[in-house]
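# Summary of structural features
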Amino acid sequence: MELKVENLKVNYGNKIVVKDISFDIHSGEIVTIIGPNGSGKSTLIKAVGRCLKPAGGNVYLDGTDIRNMNTRAVAQKLSILPQMKNIASDISVEELVSYGRYPHLKFRRRLDREDMDIIDWALEKTGLVPLRQRFVTTLSGGEEQRAWLAMCLAQRPEVLLLDEPTTFLDISYQMEILELIKELNETLGLTVIMVLHDLNQAARYSDTIVVIKDGKLWDMGMPYKIIKKELLRKVFGIEADIYEDKINKCPFFIPKNVII
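Counting of residues starts from 1 at the beginning of each chain's written sequence and follows it residue by residue. For this predicted model, a pLDDT threshold of at least 70 governs which residues receive local features, and a threshold of 80 or more governs which side-chain atom pairs are given and counted, while totals over whole chains, interfaces and linings are taken from all residues. Derived side-chain values reflect all non-hydrogen atoms in the structure, with water molecules and hydrogen atoms excluded from consideration.

### Focus: the overall build of the protein chain
Going by this rule: A run of DSSP states H or I qualifies as a helix once it reaches four residues; a run of E qualifies as a strand once it reaches two. Both are numbered from the N-terminal end. Three exposure classes are used, based on accessible area relative to the maximum for each residue type with a 1.4 Å probe and protein chains only: buried under 20%, partly exposed in between, and exposed over 50%. The contact criterion used is simple: two residues touch if any of their non-hydrogen atoms lie within 4.5 Å. Accessible surface is estimated by sampling points in the Shrake-Rupley manner with a 1.4 Å probe; for residues, cover comes only from the protein chains shown.
For the protein chain, the helix and strand inventory stands at nine helices and 12 strands. Each principal axis of the C-alpha atoms in the protein chain carries an extent, and together these give about 55 × 40 × 30 Å. When each of the 260 residues of the protein chain is scored for burial, the buried share is 48%. Contacts spanning at least 24 positions in sequence make up 64% of the contacts within the protein chain whose residues lie at least 6 apart. Summing over all exposed atoms, the protein chain offers an accessible surface of approximately 12800 Å²; the carbon and sulfur share of this is 51%.

Okay, here's the thing in structure tokens:
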């Protein structure tokens, strides 16, 4: 799987939010998009996932313009988990996960044994088998996020797009979700593109980091190339000391003060 973003531009009304961004993503990578609030991160990932129509540019999936693919074909290759999600109060975990099979169902076809096996597999991969009959609204934050991830897995996608998957979760659940994403990437070969606010988490869990500032691509590269004092100063407006995490083999920083 190869995903190519070429000169992408996205507007909200008369305001240009994403400005002529280009980059390539290779199969099996974990790519994290970072940037200040309002920089266009979520808009970018929605446009890549065909949830927003760009004002210009193209997104190619295995060489095909994603806008020329039918919705079912896109959903069979690419799954997106938005930041804000709505769900009825009487939906069980198993039913939610079953929605992931819909892109693979032919007209008027119901779930068959193969579909149920994939749902069971997705529940097992996310550790939700004991909770399959629980209503999603009764789950903890971490459990609910795992249920949504299981739904995405049931699509059997090649690319997983995650818009701030750790938002509203406390630190233990954040680590749980990110460790699960890393495991799915390593065991299933999933290509993951996600938006994160925590730069230290981005450095730890990413192969490549994409930096967005004011709607433009500021830089892109491996965590050791990106997490530098210049980035923290010019993009995020802080002074910090940068260290090496020798266990996880990644950089991390400790903020010192805000640049006024």
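### Looking at empty space enclosed by the protein
Test applied: Buriedness for pockets is judged along seven lines, at least five of which must meet protein on both sides within 12 Å for an open set on the 1 Å grid over protein atoms alone, while cavities are sets there where a 1.4 Å probe fits but cannot get out, and lining residues have an atom within 4 Å of a point. Grid points are joined across faces, edges and corners, and a volume is the space filled by probe spheres set on the points. Only Asp, Glu, Lys and Arg are considered charged in this grouping, and only Ala, Val, Leu, Ile, Met, Phe, Trp, Tyr, Cys and Pro are considered nonpolar; every other residue, Gly among them, is considered polar.
All chains considered together, the criterion is met by one cavity of 30 Å³ or more. The volume enclosed by the largest cavity comes to roughly 30 Å³. Counted by class, the lining of the largest cavity contains five nonpolar, one polar and two charged residues.

### Section: helix α4 (residues 113-125)
Cut-off, in case you're wondering: In this analysis, the expected span of each helix is defined as 1.5 Å times one less than the number of residues it contains. In this description, one arc is meant: the one made by directions from the helix axis to the C-beta atoms.
Compared with the 18 Å implied by 1.5 Å per residue over 13 residues, the 18 Å span of α4 between its first and last C-alpha is a close match. All of the buried residues along α4 are Asp-115, Ile-118, Ile-119, Ala-122 and Leu-123. Along α4, the residues classed as buried sweep out an arc of 140° about the axis, all on the same side. Away from its buried face, by an angle of more than 90 degrees, α4 presents the exposed residues Arg-113, Glu-114 and Glu-124. Each element contacted by the buried residues of α4 is listed here: α3 (93-98) and α5 (141-154).

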